[in-house]
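Okay, here's what each chain looks like letter by letter:
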Amino acid sequence: MTTKDEKNLSHVIDKIAKMDEPERSLMQRAHDIIVTVAPSLKPRIWYGMPAYALSASTPALVTLRNDERVNLALTEKVELTPAGGSDGSLMPAAWYFETIDEAAEKRIADIVRTATS
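Summary of the structure given here. Quantities reported herein were computed from a predicted structural model and do not represent experimental measurements.

Let's talk about helix α3 (residues 102–116)
Moving on, step 1. For α3, spanning 15 residues, the distance from its first C-alpha to its last is 21 Å, which sits close to the expected 21 Å at 1.5 Å a residue.
Moving on, step 2. Among all positions in α3, only A104, I108, A109, I111, V112 and A115 are buried. Down the axis of α3, the sector holding all buried residues measures 160 degrees, keeping them to one side. Seen from the open side of α3, the exposed residues pointing more than 90 degrees away from its buried face are E102, A103, K106 and T114.

See below:
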């Protein structure tokens, strides 16, 4: 029998597989980074896009979107702190990307670690 977590993961994989290139490859790579860095997060579909939560019944913490651009975003359920410096009280919560190089991979991993800590 398939668990809810397995069904949700299957839905996320299917959603990514149906995307056009190059977005499909970007989303798959970002998904792989997220589940590697935070294996405790549970993938699922959230507002029609891949997302990651602490459990199948809790709100998503991290989302991947493929609208006009691919982006990684943190939801309001993540404790955000003001950026400070020249950004003052602005809180970074979304990042657009067109490629995932080594630096972007490290940054995505750091963002996910922050969201889950």
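Quick word on the pattern of salt bridges
Moving on, step 1. Taken as a whole and judged by the stated rule, the model has 6 salt bridges.
Moving on, step 2. Salt-bridge contacts for K42 lead to D5; the nearest nitrogen and oxygen are separated by 3.9 Å. Taken as a pair, K42 in strand β1 (residues 42–46) and D5 in helix α1 (residues 4–17) lie far apart in primary sequence, 37 residues in all.
Moving on, step 3. Its relative accessible area of 27% is what places K42 among the partly exposed residues.
Moving on, step 4. Here D5 falls in the partly exposed class, since its relative accessible area comes to 30%.
Moving on, step 5. The partner of D110 in a salt bridge is K106, with the nearest N and O atoms 3.2 Å apart. Within this pair, D110 and its partner K106 are both found in helix α3, separated by 4 residues, close to a single helical turn.
Moving on, step 6. K106 gets classed as exposed once you look at its relative accessible area, which sits at 53%.

Observations concerning the nonpolar core
Moving on, step 1. Judged by nonpolar contacts, the single largest core of 27 residues is most densely connected at I34, V62, L72 and I100.
Moving on, step 2. If you list the elements that add at least two residues to this core, you get α1, α2 (23–37), β2 (49–53), β3 (60–66), β4 (70–74) and α3.
Moving on, step 3. Not counting chain neighbours up to four residues away, the residues in contact with I100 comprise L26, R29, A30, I33, E105 and I108.

Looking at the packing of α1 against α2
Moving on, step 1. One can describe the packing of α1 onto α2 by two numbers: an axis separation of 8 Å at closest approach and a directional angle of 150 degrees. Here α1 lies roughly antiparallel to α2, going by the angle between them. Touching L9, V12, I13, I16 and A17 of α1 are R24, M27, Q28 and H31, all from α2.

Looking at the packing of aromatic side chains
The geometry of an aromatic ring pair comes down to the distance between the two centres and the angle between the two planes.
Moving on, step 1. Scanning the model with the defined rule gives 1 aromatic pair in all.
Moving on, step 2. Ring geometry for W46 against Y47: centres 5.5 Å apart, planes inclined by 85 degrees, an arrangement best described as edge-to-face.
Moving on, step 3. On the basis of relative accessible area, W46 is assigned to the partly exposed category, the value being 23%.
Moving on, step 4. If you follow R69 out to its NZ or CZ, it ends over the ring of Y96, 5.6 Å from the centre.

So, the pairing of β1
Moving on, step 1. In terms of strand pairing, β1 meets β2 through 5 bridges, oriented antiparallel. In the strand pairing of β2, I45 is matched with P50.
Moving on, step 2. Between β1 and β2, which pair antiparallel in sequence order, lie 2 residues; one of them, Y47, sits at a positive phi of approximately 50 degrees.

Definitions and cut-offs
Residues numbered from 1 in each chain as written. Predicted model: local features only at pLDDT ≥ 70, side-chain atom pairs only at ≥ 80, totals over all residues. Heavy atoms only, no water. Helix = DSSP H or I, 4+ residues; strand = E, 2+ residues; numbered from the N terminus. Expected span 1.5 Å × (residues − 1). Buried < 20%, exposed > 50% of the residue type's maximum accessible area, 1.4 Å probe, protein only. Arc of directions from axis to C-beta. Salt bridge = Lys/Arg side-chain N within 4 Å of Asp/Glu carboxyl O. Core = buried A, V, L, I, M, F, W, Y, C linked by side-chain atoms within 4.5 Å. Contact = heavy atoms within 4.5 Å. Axes fitted to C-alpha atoms, helices over the stretch in contact; angles between N-to-C directions. Parallel < 35°, antiparallel > 145°, perpendicular 65-115°, else oblique. Phe/Tyr/Trp six-rings, centres within 6.5 Å; stacked < 30°, edge-to-face > 60°. Lys NZ or Arg CZ within 6 Å of the ring centre and 35° of its normal. Pairing = 2+ DSSP bridges.

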